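Chain and residue survey
Now for the letters of each chain:
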Amino acid sequence: MQLEGKIALVTGAGTGIGRGTARRLAEEGAFVYVTGRNLEPLEKVAADIGGRARAVRADVTNKADMDQLAELIRQEHGGLDTIFANAGGGHPISLEQITTEDFDRQFGVNVKGVLFTVQAMLPVLRDGSSIIINTSITADMGLKDFSLYAATKAAVRSFTKSWTTDLKHRRIRVNGVSPGVIPTDAYTTELGMTETQVQEYVDLVTPEVPAGRVGTAEDIGDAVIFLASDASSYITGIDLVVDGGMTAVYAGKA
Ligand SMILES: NC(=O)c1ccc[n+]([C@@H]2O[C@H](COP(=O)([O-])OP(=O)(O)OC[C@H]3O[C@@H](n4cnc5c(N)ncnc54)[C@H](OP(=O)(O)O)[C@@H]3O)[C@@H](O)[C@H]2O)c1
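Residues numbered from 1 in each chain as written. Predicted model: local features only at pLDDT ≥ 70, side-chain atom pairs only at ≥ 80, totals over all residues. Heavy atoms only, no water.

Right, let's get into the overall build of the chain. When helices and strands are tallied, the chain shows nine helices and seven strands. A globule of 254 residues ought to have a C-alpha radius of gyration of about 18 Å, and the chain, at 17 Å, matches this closely. Once the C-alpha set of the chain is aligned to its principal axes, its extents read approximately 50 × 40 × 40 Å. Burial status across the chain gives 50% buried among its 254 residues. The long-range fraction of contacts in the chain, counting pairs at least 24 apart against all pairs at least 6 apart in sequence, stands at 69%. (Helix = DSSP H or I, 4+ residues; strand = E, 2+ residues; numbered from the N terminus. Rg over C-alpha atoms; globule rule 2.2 N^0.38 Å. Buried < 20%, exposed > 50% of the residue type's maximum accessible area, 1.4 Å probe, protein only. Contact = heavy atoms within 4.5 Å.)

Another aspect to go through is the pattern of salt bridges. Evaluation of the coordinates by the stated rule reveals 18 salt bridges. Of the charged contacts, one joins Arg105 and Glu190 as a salt bridge, the two residues approaching to 3.3 Å between their closest N and O atoms. Of the two residues, Arg105 is situated in helix α4 (residues 100-121) and Glu190 in the loop between α7 (185-188) and α8 (195-205); the sequence distance between them amounts to 85 residues. Taking the relative accessible area as the measure of exposure, Arg105 reaches 42% and is therefore partly exposed. One salt-bridge network, in which partners are shared between bridges, spans Arg24, Glu27, Glu28 and Asp222. (Salt bridge = Lys/Arg side-chain N within 4 Å of Asp/Glu carboxyl O.)

Counting 34 residues, the largest nonpolar core has Leu80, Ile83, Met121, Ile131 and Ile133 as its most contacted members. Taken together, the elements giving at least two residues each to this core come down to β1 (7-11), β2 (31-36), α3 (63-77), β4 (80-85), α4, β5 (125-134) and α6 (147-166). The leading source of residues in this core is α4, at six residues. Ala8, Ala30, Val34 and Ile225 belong to the second largest nonpolar core, which has 28 residues in total. (Core = buried A, V, L, I, M, F, W, Y, C linked by side-chain atoms within 4.5 Å.)

Below you can see the structure in the form of structure tokens.
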């Protein structure tokens, strides 16, 4: 129980990495606020977790939602020990086809959403707490048609460094966690793949992953637990890559 007594917030927790991470945080003893735009999946996640979670509808791009969430956390628990700023996503678009709407949408959730999640929580974040931002290995990879998404993730990776300095006086640590290939709901919803296409992609990519498999939401959850816990108390301003070694020794075939 590495997080016994801690209060955590996971944005975008109704599906995918957020859901798996919220479960792992609760298993380690944290009470977890699970948030997103749709209450139904969040309530299911909270029910699965049991008494250690609370579902709240909150859109990270809506400042009023995030301010109300901070006030709720203050009233119910007095403060917050960990934020996992996870809500986000994006789909491939060629450079020629990116519209201003695509730009606003992807930067709106992935960058503006992260900034204003953290800003809204600052009054309730306890000194010595831990902020973890979900970045992505794509920020460094130069993947075809992923320039817009990758740029959003490069931007939030930069936040981890600037905010480490900005929040130093409060001993608040700020790190990124950079997932590799984690087949989640997003592969069919955001990326528009069929189940068969997801499996074909997994089969293609698996030989390129030194760990011998693609990742799971819980793999990311374990890294978040580490960055949220005292075990990482001397680590801040980094981006922790959790990709089974794929980018460290990428063979470039997938
Ligand atoms: N899966 C991967 O391989 C991978 C790799 C690297 C990085 N990532 C990052 O991991 C994070 C989670 O992705 P995922 O793969 O788990 O996808 P996912 O299952 O689609 O999860 C994204 C979550 O974000 C929520 N969300 C979207 N817009 C929101 C908003 N404006 N306010 C609040 N919540 C919002 C969605 O719920 P609602 O629609 O109900 O709001 C959804 O639950 C993203 O930041 C993604 O970029 C994923």
